[in-house]
Amino acid sequence: MTSAEKWSDRKIEDIVANLLRFGVLLAAAVVLCGALLYLMRHGAEPADYRKFQGEPADLRTLPGIFRGAANWQGRGIIQLGLLLLIATPVARGVRGLWLRCRARPDVCSVHTDRARRPVVQPDRQFLNRMREVAR
Amino acid sequence: MTVFEFTLLVWLGSMVAGLLGALTGLGGGVVLVPLLTLFFKVDIRYAIGASLVSVIATSSGAAAAYLKEGFSNIRIGMFLEIATTLGAVLGAFLASIVPATALATIFGSVLLYSAYLSRKPRPKSEWNTPPDPLATRLRMNGSFPTPEGIRHYNVQRVPAGFSLMFGAGALSGLLGIGSGAVKVLAMDQAMKIPFKVSTTTSNFMIGVTAAASAGVYLNRGYIDPGLAMPVMLGVLAGSLIGTHILIKAETRWLRLIFSLVIVVLGIEMIYKGLAGRF
């Protein structure tokens with residue numbers, strides 16, 4: 001490995017790690033806010049999760065969650081924070097793949113198609129070489 | 001008990017789950033699901049939803065720290081994750097066809113056997129394996145910090161690892177838990193990757209698989225904010241403590257803890273399989 005390649009690997013790991021940290025901290029902060037509101041208002045109520053009822057629509061769907069959060073409802077804000085938490089590993093997976101393709105044009109390339117969606121294409125020569133080596 | 005008391009207790013329990021998850025590369029669901037269903041009498045569907053949240057929280061919380069310290073091998077992780085995700089899709093499809101009870105029993109027995117295999121540290125003679133051409137081409141070999149300095153390692157048997165990861169994803173899609181265990185075992189036993197790298201890389205990987213399922217669960221209404229909130233916050237706190245411990249811990253203790261947790265998981269699987277709870 002040349003020192004230039006080593007540098008970019010380390011750099012990628014740093015970027016992904018920072019993304020993770022930021023995403024998780026943000027999600028945790030949002031959940032904490034929601035938690036404080038929720039506990040202040042409902043803390044003294046009895047807790048019972050024995051029966052499964054399914055969450056109401058405004059804690060399940062995206063518009064419902066945003067509406068609940070905008071109305072300063074503790075549970076809505078918590079769901080928003082959970083959404084951010086779920087989005088974090090997905091974002092870092094996509095970002096990591098993207099960065100790697102940019103750093104190794106001989107392995108794969110990224111571009112956007114006409115609908116502006118990202119497309120990752122493995123390099124054909126690279127695939128053939130992998131097949132040979134794996135045999 | 002009141003919501004406040006419930007939240008506090010679940011938070012504490014989740015901290016333990018997060019701590020174990022960060023140390024072993026597993027998702028924390030092993031501790032959390034039995035804790036919620038047996039002790040707190042939570043319905044299993046809410047418990048699984050909360051467990052998924054805990055897996056993502058452990059994974060993301062720990063992964064950031066491990067990446068910065070240089071333990072997780074991001075290349076191994078991302079490459080193997082392709083296999084796991086494909087497997088998870090297949091597993092989700094097979095869920096309606098395959099009798100999960102039989103599968104759970106077999107899986108549990110495999111886990112028990114693997115716990116027996118992994119508890120002993122690898123002899124030092126096996127530490128410096130020759131480089132494998134495919135692994136080198138994919139630039140998977142790496143190094144990680146030990147108290148004695150930076151230690152290099154070479155990855156072996158990439159195709160075997162890839163297939164095992166596919167199986168891990170399928171199992172996780174079918175049974176709902178256990179993918180972390182198979183990942184660590186595959187990396188440790190089949191690909192001869194150092195234990196701390198296997199567990200930290202597994203931590204890094206499981207977040208994405210769990211995120212996909214969690215999205216579906218949230219939409220179906222299985223994730224309750226009042227329950228998921230203390231789980232997420234507790235697990236994050238626990239996993240952050242866990243990462244500090246792992247960096248300084250001796251691998252032999254980590255292997256022991258991992259084996260113990262796997263034994264519990266194996267027994268749980270066999271019990272559930274035989275009792276027809278799947």
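It should be noted that the structure appears before, not after, this text.
Residues numbered from 1 in each chain as written. Chains lettered and ligands numbered in written order. Predicted model: local features only at pLDDT ≥ 70, side-chain atom pairs only at ≥ 80, totals over all residues. Heavy atoms only, no water.

Glancing now at the side chain of N141 of chain B. Residues and elements named next belong to chain B. Its place among the elements puts N141 in the loop between α6 (133-137) and β1 (142-146). On the basis of relative accessible area, N141 is assigned to the buried category, the value being 18%. A polar atom in the side chain of N141 sits 2.8 Å from the backbone nitrogen of V155. The contacts of N141, once residues within four sequence positions are left out, are N73, P131, A135, T136, Y153, N154 and V155. (Helix = DSSP H or I, 4+ residues; strand = E, 2+ residues; numbered from the N terminus. Buried < 20%, exposed > 50% of the residue type's maximum accessible area, 1.4 Å probe, protein only. Polar contact = N/O pair within 3.5 Å; in protein donor to acceptor, adjacent residues only side chain to side chain. Contact = heavy atoms within 4.5 Å.)

Glancing now at the environment of T105 of chain B. All names here are of chain B. Counting through the fold element by element, T105 comes out in helix α5 (residues 100-118). When the C-alpha atoms of T105 and I270 are compared, they prove to be 4.3 Å apart, with 165 residues separating the residues in sequence. Contacts of T105, omitting those with residues within four sequence positions, involve M269, I270, G273 and L274.

In this complex, chain B contributes 54 residues to the contact, which on the side of chain A involves 55 residues. Roughly 4,800 Å² is buried in total at the junction of chain B and chain A, and carbon and sulfur atoms are behind 69% of that figure. Remark: the boundary between chain B and chain A carries zero salt bridges. Connecting chain B to chain A are two residue pairs in polar contact (both at pLDDT 80 or more). Listed by contribution, the elements that provide at least two residues to the side of chain B that touches chain A are α1 (3-24), α3 (44-69), α4 (74-94), α6, α9 (195-220) and α10 (225-248) of chain B. (Buried area = accessible area lost by both parts, 1.4 Å probe. Salt bridge = Lys/Arg side-chain N within 4 Å of Asp/Glu carboxyl O.)

It is worth spelling out the packing of α4 of chain B against α9 of chain B at this point. Residue and element names in this part refer to chain B. Packing of α4 against α9 leaves a shortest axis separation of 9 Å and a crossing angle of 40°. By crossing handedness, the relation of α4 to α9 is classed as right-handed. Across the interface between the two elements, I74, I76, G77, M78, L80, E81, T84 and A88 of α4 pack against T201, F204, M205, V208 and T209 of α9. Of the residues that constitute the contact of α4 with α9, the class distribution is eight nonpolar, four polar and one charged. (Axes fitted to C-alpha atoms, helices over the stretch in contact; angles between N-to-C directions. Left-handed = near helix turned anticlockwise from the far one by under 90°. Nonpolar A, V, L, I, M, F, W, Y, C, P; charged D, E, K, R; others polar.)

So, about the nonpolar core. Ranked by size, the top nonpolar core spans 48 residues in total, and within it F6, L36, V42, L227 and M232 of chain B carry the most contacts. For M232 of chain B, the contacting residues outside a window of four places in its chain are A27, A28, V31, L82 and L85 of chain A together with V53 and A57 of chain B. Ranked by size, the runner-up nonpolar core spans 44 residues in total, among them F126 of chain A together with L111, V197 and V261 of chain B. (Core = buried A, V, L, I, M, F, W, Y, C linked by side-chain atoms within 4.5 Å.)

Our next topic: the packing of aromatic side chains. Residues and elements named next belong to chain B. Under the defined criterion, the tally for this structure stands at three aromatic pairs over all chains. Pairing F6 with F40 gives two aromatic rings, centres 5.4 Å apart and planes at 85°, and the pair type is edge-to-face. Pair noted here: F6 is in helix α1 and F40 is in the loop between α2 (29-39) and α3, with a separation of 34 residues, a long-range link. Like F40, F6 is buried. Ring centres of F195 and F258 lie 5.5 Å apart, and the angle between their planes is 75°; on these two criteria the pair is classed as edge-to-face. (Phe/Tyr/Trp six-rings, centres within 6.5 Å; stacked < 30°, edge-to-face > 60°.)

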